[in-house]
Amino acid sequence: MREHRHDVVVVGAGIAGLYAALMTSDYMDTAVVSKVFPTRSHSGAAQGGCAAALGNEEEDSWEWHFYDTVRGSDYLGDQDAQEILVREAIPVMYEMEHLGVPFSRRSDWRLAQRRFGGHLKDFGKAPVMRACCAADRTGHAQLHTLYEQCVKRGVRFYNELFVVDLLVKDRICSGMVAWDIINGGLVVFHARATMFATGGYARAWKVTSNSHSNTGDGLGAVIRAGLPLQDMEFVQFHPTGLFPSGILITEGARGEGGHLKNKDGRRFMEKYAKDKMELAPRDIVSRGIQTEIDEGRGIDGKGYVHLDITHLGADAILERLPQIREMALKFANVECIKEPIPILPTAHYAMGGIPCTVWGLVLSDTKGTPVEGFYVAGECACVSVHGANRLGCNSTLECAVYGRRAGMAMRKWTLENEGCWPDIPGETVERAEEDIQQLLEASGKENVADIRNTLQESMVINCGVFRNETKIKKQLDMVHELQQRFENIGITYRGTKFNTDLTDALELRNLLQFSELIVAGALERKECRGSHYRVDYPFRDDKNWHKHTFAWKKDGTVVFDYKPVVITKYQPEERKY
Ligand SMILES: Cc1cc2nc3c(=O)[nH]c(=O)nc-3n(C[C@H](O)[C@H](O)[C@H](O)COP(=O)(O)OP(=O)(O)OC[C@H]3O[C@@H](n4cnc5c(N)ncnc54)[C@H](O)[C@@H]3O)c2cc1C
């Protein structure tokens, strides 16, 4: 088996992974492994912006941004981590500007900023312009600049390698095993510091804004390594996915002044968030839209409502929302300059993930015992800054701020432990080899695509915007049944080069493993908080549920433990918008 050795190996070439690599590459031998070509990472799809209280357009402060992030998270975010996020946002945004990110600018050449849902001035009083952007292609601009900077600094890229398993024993991490998609064969990466920045995982749902590659592979590897995941029940549904696929129409469209309308042409958000209307946090807007649809006020009684931006005028749309126009035209045949866009809530962002400290160091339990040499950042991580619900534009920000911090932490760790190469657990490498061999020889009756479709469709129905015990239990049974069926899959192509049959199966294994923790967590949490809405427990229950969920898969069952939320300034209070 081939083996590569690097001081630092980062899995994932999105904003989080690349920012981390940037921080270590001047000091030590750094490699980035990615299953897609780096600039195809999902970060490149981020449209609307990246938040920082620069105050370029109007007065703003990090304290207001902090307040909004705490409240937006429905008080489940850890406030120490949230404060770091909003304070460091300001220098990090300027650092990105100086690295060369081509942000949109004002006429005085300072960075332009726009409104975004939940970002308010003066402790929740009125919308504020806080989101820096590059038109509606912000993530694309950030990702390409970071990639160029990494190439310039000599980061070694291993593209189109699929990381299968994490190498960890006795809470010491020594690297990972990956499948070489192009040439075939397993490759061991031996590292002194290992990082996962494997991104989001909303591909567990059929209606989703996420790339096909967002299948939670990092989470699957962590589950199989016997480590916990945190707050998995919290998955955000973005209010405006293009009907029917769920492709994202950025919140920037509402930030620029777009209206949501039902079949009667009425701006229904006045019923759900009278003051903030379309710019209320995403969980509230999504529930508003879903209620209109469920109660028969969708357009022509169908499963969508309208997002109307026609009144903004052609010039503003072409300058500020060009990609939205293109997508509405291409994927819905709608010219949004003249007609409203059909939209529905779409699975968008995972607040939960791999638990870690504010330096990205992975935790193995609720007491804070770390896994030495193992770091995470970005959407696959749970620091937790987004708690039960993320504010728009706080995610690319989290990737930058916490990717950067994880990079700094890996640098420190590697310098302090010069010459220390942890042993590779041979049994894990052998298990990965056996698993791949078994999959390559699999000749059962079950079809990978069928199982995946069934999972995705049932997650929309049973574990979506509105949840209840009956539906969630049904979904848990469904996931167990699909896990059983997975044991009997068949692979039709047995070659080793570009075997997408094999990688599809590896992805499905991960989807099934982490979905179980999402559904089991949703069943356990008997309250409504942020994105997690239980119609059978329609209130937030701070007495019993103001705590983080940790979930493990042990001896075939899901085991839970809980950890208090870090509060530094704001005690939970009711959210009114
Ligand atoms: C359509 C859309 C629009 C968005 N708009 C915004 C926005 O305007 N503002 C905002 O703040 N947030 C936005 N978000 C959220 C934000 O873009 C993401 O949360 C963030 O970019 C995730 O970045 P990341 O670095 O964690 O991972 P990603 O950019 O998703 O990258 C994941 C990386 O992991 C690699 N990887 C995964 N599995 C494996 C494996 N098994 N082996 C090897 N490599 C692997 C992939 O190849 C990839 O390089 C948006 C999200 C979507 C889907």
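Located above this text is the structure these notes cover.
Student: I'm lost on the sheet that holds strand β4 (residues 113-121) in this one. Help?
Tutor: Read across the sheet, three strands follow the order β3-β5-β4 without closing on themselves; strand pairing throughout is antiparallel. The open sheet has two edge strands, β3 (50-51) and β4, and neither has a second partner. Relative to strand β5 (residues 126-132), β4 is paired through five bridges, and the arrangement is antiparallel. Across the sheet, residue Leu120 finds its bridge partner in β5, namely Pro127.

Student: What should I look at first to understand the nonpolar core in this one?
Tutor: If you look at soluble globular proteins, the nonpolar side chains tend to sit buried side by side. In terms of nonpolar packing, the biggest core is built from 133 residues, with Phe196 and Phe374 touching the most fellow members. Broken down by element, the residue count for this core peaks at 13 residues, all from helix α15 (residues 500-524). Those residues within four positions of Phe374 in sequence are excluded, and the remaining contacts are Leu166, Cys173, Thr194, Phe196, Val222, Leu227, Gly360, Leu361 and Val362.

Student: Sorry if this is basic, but what is going on with the pairing of strand β9 (residues 186-196) here?
Tutor: Consecutive side chains along a regular strand alternate between the two faces of the sheet. With 11 of its 11 residues buried, β9 lies for the most part within the structure. The pairing of strand β1 (residues 2-11) with β9 spans nine bridges and is parallel. Considered in β9, the bridge of Val10 is made with Met195. Judged from the five bridges that link them, strand β8 (residues 172-180) and β9 form a sheet pairing that is antiparallel. When the sheet's bridge partners are listed, Gly175 is paired in β9 with His190. Connecting the antiparallel pair β8 and β9 is a turn made up of five residues, with Gly184 showing a positive phi of about 80 degrees. Where β9 and strand β17 (residues 370-376) come together, three bridges link them in parallel fashion. Within β17, the residue paired with Met195 across the bridge is Tyr375.

How each quantity is defined
- Residues numbered from 1 in each chain as written.
- Predicted model: local features only at pLDDT ≥ 70, side-chain atom pairs only at ≥ 80, totals over all residues.
- Heavy atoms only, no water.
- Pairing = 2+ DSSP bridges.
- Helix = DSSP H or I, 4+ residues; strand = E, 2+ residues; numbered from the N terminus.
- Core = buried A, V, L, I, M, F, W, Y, C linked by side-chain atoms within 4.5 Å.
- Buried < 20%, exposed > 50% of the residue type's maximum accessible area, 1.4 Å probe, protein only.
- Contact = heavy atoms within 4.5 Å.

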